[in-house]
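Read off the chains here:
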Amino acid sequence: YFSVFLWNRKGNCFIEKRVSEMEQHRKDVQFQIECLTQELIQMLMEDYGYSIPQAMEVLYQSKTFAKLENEAAGLYYQGAVYIYDLLQEELKHTI
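Predicted model only: the values in this text are computed from it and were never measured. Sequence order sets the numbering: in each chain, residues are counted from 1 along the sequence as written. Under the rules for a predicted model, residues below a pLDDT of 70 receive no local features and side-chain atom pairs below 80 are neither given nor counted, while totals for whole chains, interfaces and linings still include all residues. Water and hydrogen atoms play no part in the side-chain values, which are based on all heavy atoms of the structure.

A. Focus on the packing of aromatic side chains. When the centres of two rings from Phe, Tyr and Trp lie within 6.5 Å, Trp using its six-membered ring, the rings pair. Their planes under 30 degrees apart give stacked, over 60 give edge-to-face, and anything left gives tilted. Applying the stated rule across the entire model yields three aromatic pairs. Ring centres of tyrosine 48 and tyrosine 50 lie 5.4 Å apart, and the angle between their planes is 10°; on these two criteria the pair is classed as stacked. The exposure class assigned to tyrosine 48 is partly exposed, which follows from its relative accessible area of 34%. Relative accessible area decides the class of each residue, using a 1.4 Å probe on protein chains only: under 20% of the type maximum gives buried, over 50% gives exposed, and in between gives partly exposed.

In structure tokens:
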């Protein structure tokens, strides 16, 4: 375990929270996936003219997104452009 200090505005003080390294790792991975998801949705909107709901549906139903969510696959370590290339290849064969 390690300590994380959070600022409590109401109490005007720091609060110590003990976090396990595994818990922190899971949070970091989830944050990375969420950031990549936002970028991928934006790219789909720009390149294909999709609305936000359309881009989300295309991404969330893709095999690429399933791989992105699979922590063991490690795709979340890659950049958004690389993942988007994989998604575009997948879309070529499904659209």
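B. Layout of the environment of alanine 80. Think of it this way: any DSSP run of H or I at least four residues long counts as a helix, any run of E at least two long counts as a strand, and we number them from the N terminus. By secondary structure assignment, the location of alanine 80 is in helix H4 (residues 80-94). Sequence separation between alanine 80 and isoleucine 33 is 47 residues; the distance between their C-alpha atoms is 9.9 Å. Note on contacts: a residue pair is in contact if any heavy atoms of the two residues lie within 4.5 Å. Once residues lying within four places of it in the same chain are set aside, the contact partners of alanine 80 are Leu36, Glu39, Leu40 and Met43.

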